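Close look at the chain arrangement
So the chains spell out like this:
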Amino acid sequence: MIKEKKLVVFDMDGTLTDSGPGIMNSALPALEHFGIPVANRDQLRVFVGPPLRQTFARFGVPEAGIEEAIRIFRARYIPIGKFENTPYPGIADLLARLQAEGFSLYVATSKPQVTAIEVLEHFQLAHHFTLICGADPAVGRETKADVIAHLLAQIGDPGRAVMVGDTDYDVLGAKDHGIPTIGVTWGYGEAAAMQAAGAVALADTPEALHTYLQAFAALPAGSPSTFLERSPHYGKQ
């Protein structure tokens, strides 16, 4: 059983890498197949993060057509879209720095696990992580909470752990397991939504995230809510 104070669980899409272009480019033909108009490309930003099943349903794909929509999405995403992607500036340096400082790093993503590993290996980021966990709908592992449960089942009691993600979906999934979240604002979620969901801090840059992670690891037992008071987003709606 692992019990350590400096454990960080990262989301992937919108947090480690800017995967939006490939995801949106692959969602569009699936929606077009069902005759669903997309007036503004920015509408497709919501595909970055949550499970595809949830987002296609949100766009009006009928339940009976969800699997077909996912098939069309993956027909483009797997060979092409997953590499229409790039690590955010400063992320590689942040991960190396955290590792050198003794943090144990993990990934919990709603992206299929095989794809997540492939992408992180492609960008030479995979070696920073002790474990990379992703979705596997075939065994009922699809939501962020499901993936975190799978991660915790493998590492045991994480001790003091914190999630890092870019959407309220990350915040709520981690909250299901009693894990606080530091939100990052360079991704595809909304700062106000993350704060409303209970994010303990919002970081605008990898450097700010590093500062929050150091402070979190140094906190005594108790509520981490004091982070909000040092966030530039505190009190904003």
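Our subject is the structure listed above.
The structure reproduced in this document is the subject of the present report. (Residues numbered from 1 in each chain as written. Predicted model: local features only at pLDDT ≥ 70, side-chain atom pairs only at ≥ 80, totals over all residues. Heavy atoms only, no water.)

Attention shifts here to the nonpolar core. Membership of the largest hydrophobic core comes to 54 residues, with the highest contact counts inside it found for F10, F56 and L209. The leading source of residues in this core is helix α3 (residues 66-77), at six residues. Setting aside anything within four residues of it in sequence, one finds F56 in contact with A27, A30, L31, F47, V61, I66, A69, I70 and F73. Among the nonpolar cores identified, the runner-up in size contains 15 residues, and L7, Y106, L151 and L152 belong to it. (Core = buried A, V, L, I, M, F, W, Y, C linked by side-chain atoms within 4.5 Å. Buried < 20%, exposed > 50% of the residue type's maximum accessible area, 1.4 Å probe, protein only. Helix = DSSP H or I, 4+ residues; strand = E, 2+ residues; numbered from the N terminus. Contact = heavy atoms within 4.5 Å.)

This part is about the side chain of D166. Within the element layout of this structure, D166 appears in the loop between β6 (161-165) and α7 (168-175). Of the side chains bearing the opposite charge, K144 lies closest to the buried D166, which forms no salt bridge; the N-O distance is 6.7 Å. A polar atom in the side chain of D166 sits 2.7 Å from the backbone nitrogen of Y188. Among all residues touching D166, those that are not within four sequence positions of it are D11, D13, G14, T15, V184, G187, Y188, G189, E190 and M194. (Lys, Arg positive; Asp, Glu negative; His and termini not counted. Salt bridge = Lys/Arg side-chain N within 4 Å of Asp/Glu carboxyl O. Polar contact = N/O pair within 3.5 Å; in protein donor to acceptor, adjacent residues only side chain to side chain.)

Structurally, L16 is set in the loop between β1 (7-10) and β2 (17-18). Overall, L16 belongs to the buried group, its relative accessible area being 0%. Put simply, L16 and R160 are 144 residues apart on the chain and 21 Å apart in space, counted from C-alpha to C-alpha. Look past the residues within four positions of L16 in its chain and what remains in contact with it is F10, D11, P87, Y88, I91, L95, V107, L120 and F129.

This next bit is on the sheet that holds strand β7 (residues 181-184). An order of β5-β4-β1-β6-β7-β8 is seen for the six strands of this open sheet, with the pairing classed as parallel. Each edge of the open sheet carries a strand with a single partner, namely β5 (131-135) and β8 (201-203). For this sheet the average axis-to-axis angle between neighbouring strands, irrespective of direction, equals 25°. Examined bridge by bridge, β7 and β8 share three bridges and lie parallel to one another. Along β8, the bridge assignment pairs G183 with L202. Sheet strands touched by helix α5 (residues 113-122): β4 (104-112) and β5. Its angle to β4, the strand with the most contacts, is close to 125°. (Pairing = 2+ DSSP bridges. Axes fitted to C-alpha atoms, helices over the stretch in contact; angles between N-to-C directions.)

Before going further, it helps to spend a moment on the pattern of salt bridges. Under the counting rule described, the total for this entry stands at ten salt bridges. With a shortest N-O distance of 2.9 Å, R71 and E68 are connected by a salt bridge. Taken together, the positions of R71 and E68, both in helix α3 and three residues apart, correspond to about one turn of that helix. A relative accessible area of 28% places E68 in the partly exposed class. For D170, the salt bridge goes to K144, with nearest N and O atoms at 2.4 Å. One end of the pair, D170, is in helix α7; the other, K144, is in helix α6 (residues 144-155), with 26 residues separating them in the sequence. Across this residue pair, the class does not change: D170 and K144 are buried. One salt-bridge network, in which partners are shared between bridges, spans D11, K144 and D170.

Quick look at the pairing of β5 now. Here β5 lies mainly inside the structure; four of its five residues are buried. By the bridge criterion, four bridges tie β4 to β5 in an arrangement that is parallel. Within β5, the position partnered with V107 by the bridge is I132. For the handedness criterion, the β-α-β arrangement of β4, α5 and β5 is classed as right-handed. (Right-handed = clockwise from strand over helix to strand, strands pointing away.)

The subject of this paragraph is α6. In this model α6 runs 17 Å from its N-terminal to its C-terminal C-alpha over twelve residues, within 8% of the 16 Å that 1.5 Å per residue would give. Listing the buried residues of α6 in full gives K144, A145, V147, I148, L151, L152 and I155. The buried residues of α6 occupy one face: seen down the axis, they fall within an arc of 160°. Looking at the packing, one finds that the buried side of α6 touches β1, β4, β5, β6 and α7. Looking one or two residues past α6, G156 carries a phi angle of roughly 80°, positive in sign. (Expected span 1.5 Å × (residues − 1). Arc of directions from axis to C-beta.)

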